[in-house]
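The residues making up each chain are set out below.
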Amino acid sequence: MSRITLSKLAHSYNPNPTSDADYALKEMDHVWQDGGAYALLGASGCGKTTLLNIISGLVRPSQGRVLFGDRDVTDAATTERNIAQVFQFPVVYDTMTVRDNLAFPLRNRGMDAAYIAKRVGQIAQMIGMEADLNRKARGLTADAKQKISLGRGMVREDVNAILFDEPLTVIDPHMKWELRTQLKDLHREFGHTMIYVTHDQTEALTFAQKVVVMYDGRVVQMGTPEELFETPAHTFVGYFIGSPGMNLLDAEVSGSEARLGGVSLPLGATYGATTGRTQIGIRPDYVTISDEGLPVTVKRVEDVGRHRIVRAELAGQPLNAILAEGQTVPADPRAAFPPAKINVYDNDWRVSPMGA
Amino acid sequence: MEKTQNNKAWFLVLPVLVLVAFSAILPLMTVVNYAFNDTFGQNEFFWAGIDWFEEMVTSDRLHEALGRQVLFSLIILAIEVPLGIFIALNMPKSGFWASFCLVLMALPLLIPFNVVGTIWQIFGRVDIGLLGHTLAAMGIDYNYTNDPLDAWITVIVMDVWHWTSLVALLCYAGLQSIPQAYYQAAKIDQATRWSVFRYIELPKMKGVLLIAVLLRFMDSFMIYTEPFVVTGGGPGNSTTFLSIDLAKMATGQFDLGPAAAFSIMYFLVILLISWVFYTVMTNLDREENR
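Residues numbered from 1 in each chain as written. Chains lettered and ligands numbered in written order. Predicted model: local features only at pLDDT ≥ 70, side-chain atom pairs only at ≥ 80, totals over all residues. Heavy atoms only, no water.

Chemist: Please explain the sheet that holds strand S10 (residues 218–223) of chain A as it appears in this structure.
Modeler: Hydrogen bonds along the backbone pair up the strands of a sheet, which may run parallel or antiparallel. Residues and elements named next belong to chain A. Taken together, the six strands give an open sheet; going across it, the order is S6-S7-S8-S3-S9-S10, and neighbouring strands pair in mixed fashion. Every interior strand has two partners, whereas the edge strands, strand S6 (84–86) and S10, have only one. When strand polarity is set aside, the average angle formed by the axes of neighbouring strands in this sheet is 15 degrees. Taken together, the three bridges between S6 and strand S7 (residues 162–165) define a ladder with parallel strand orientation. When the bridges of S7 are listed, Val-86 appears paired with Phe-164. Most of the contacts of helix H1 (residues 48–56) go to S7, to which it runs at about 155 degrees, and overall it touches strand S3 (37–41), S6, S7, strand S8 (194–198) and strand S9 (210–215). Packed onto the sheet, helix H5 (residues 142–154) meets S6 and S7 and runs at close to 165 degrees relative to S6. (Pairing = 2+ DSSP bridges. Helix = DSSP H or I, 4+ residues; strand = E, 2+ residues; numbered from the N terminus. Axes fitted to C-alpha atoms, helices over the stretch in contact; angles between N-to-C directions. Contact = heavy atoms within 4.5 Å.)

Chemist: Just to check I follow, could you spell out the interface of chain A and chain B for this structure?
Modeler: Size of an interface: often given as the accessible area lost when the parts come together. Counting from both sides, the interface comprises 25 residues of chain A and, opposite them, 20 residues of chain B. Between chain A and chain B, a total of about 2000 Å² is buried, with carbon and sulfur atoms accounting for 55% of that surface. In terms of surface lost to chain B, no three residues of chain A exceed Tyr-93, Thr-95 and Arg-138 of chain A, which account for 25% of the buried area on that side. At the junction of chain A and chain B, the tally comes to two salt bridges. Among the ionic pairs, Asp-189 of chain B bridges to Arg-152 of chain A, the shortest N-O distance being 2.8 Å. For the side of chain A that touches chain B, the secondary-structure elements that each account for two or more residues are H1, helix H2 (78–81), S6 and helix H3 (98–108) of chain A. Considering each element in turn, the side of chain A that touches chain B owes the most residues, three residues, to H3 of chain A. Partitioning the side of chain A that touches chain B into residue classes produces eleven nonpolar, eight polar and six charged. (Buried area = accessible area lost by both parts, 1.4 Å probe. Salt bridge = Lys/Arg side-chain N within 4 Å of Asp/Glu carboxyl O. Nonpolar A, V, L, I, M, F, W, Y, C, P; charged D, E, K, R; others polar.)

Chemist: So what exactly am I meant to see when it comes to the sheet that holds strand S18 (residues 308–314) of chain A here?
Modeler: Residue and element names in this part refer to chain A. Taken in spatial order, the three strands make up an open sheet running S17-S18-S19, and their pairing is antiparallel. Two strands lie at the open edges of the sheet, namely strand S17 (297–303) and strand S19 (317–323), each paired on one side alone. Averaged over all pairs of adjacent strands, the angle between their axes in this sheet comes to 25 degrees, without regard to strand direction. Sheet analysis places S18 next to S19, joined by seven bridges and oriented antiparallel. Along S19, the bridge assignment pairs Arg-308 with Leu-323.

What follows is the structure in structure tokens.
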């Protein structure tokens, strides 16, 4: 087990990258703490899998270094890194029994038979496949195969890290929840560094202590679920996390005041001058619809079960709000924003208030 | 939902049936006719019962040819299958060189059988052949027209040259269908090269290998043209395989009765062996699924 450091790392699948757009991963510096549970969150094609494959050594980065602890492993083969990775689609060795599948990584490391038998037993219990141990892996359902893949990923106790590449995509929802819980337990018990790639925010937020949000080949924010929710560092984080995502409204910001569509709005802090497209962001959860505040036009109200979502327009810009239980939309609806919950964005990046 | 049974659909098979009847079944019946009769020409036939079959089953000549045939098929399978797998494993997976290799591998398969025979017949000649002459110049006593062992080696090398590509191309197709994730997972699991072959590549190639072995077995068991062009079955009878022997008997000695009985048994043997082979292999497959 060790800390993973990515130093000035960048990767392009093009051998002669010329512009920024040629890079699947833009230059980044990150440290993944030993024993941390990380979720790597982002839309499809943003470079999550590339980053994971670089850490596991399946892909060699075109620039920068990868360090495990203090050891530079940039050029080390996957086998030398002693790392586990579970892929999106199940990979099982068809001709082997479930037992042999689970034992395979241990046998390759030359562990002794008694230990292997014990460890395979534990893992089989964890993934709930004790009864199938002597079956051939071929002919099992996709669900079961993916559980074997997960088991194979977790069977080695001495791995440097366990990487999961959207491992629960093919698993049915009930099992998904159970396996995710087990992964968390496993993390608590053994303290492996775990990196869990997903595009499902619920999965990311429930699994990880720290969520790493990627967008267009960049890590835009690395933080606790709470930080991602309260202070998204990038408009993408605001939009991607939360349901519905953060409201982003074009505005002019001067000092502690924002002006949009001829009305002014107090901000919780004072901001310096912005240079590019300026937006203010506020979570729908913090917008209150009542007869106080800025006038809005309500387009429709959606009932999603737990609560209702108001789809409205403020000064020609779309605005979502979550309606508290039992609350009704007044005849002349107005929206109020708690100043402390407003974030300011300049060219999509969050601006820190002055003096903070 | 109940399936509708429409037996009229069988009529759609009729054209094929008629074609096959004229091209295969009726000519085969002529052979059957010869096998059970004796004839002295003029379309006069005398019932011979199973005499020809008895004669052939007890014939030493046929036993020897059968022995040579089995040996030949086993040798070329033992060489071509592992060699084909080896070549397929080492072929580039993509890019220009992949296409280049594919074309190169396909070339021997495109050459007509008697041309292959002629190529090797000349290639191996001691006086003008590149191979024969070079070997002679190196002081190796090689002459496929005199020495049975040299003749065998020539015929086997020729067959390997001609047909290993088929095995290689089939295996290559099997290998190409393996998703990259399998190789990645094997690396993660710290598998050795041998394990990757044994647990990933070989199982995925099994289907195509079955076809390759079956095709190569049937073809080699029926081999005629190439060795006939090169050695004519000689020296002596040393490279006289079943079909060469059959042709000698039928068109050389004009023993149509025995030859017909011979070909029917020959046909049935190939059918039987192929069927047994196929059944065993597919059953193994099913066992494994359990």
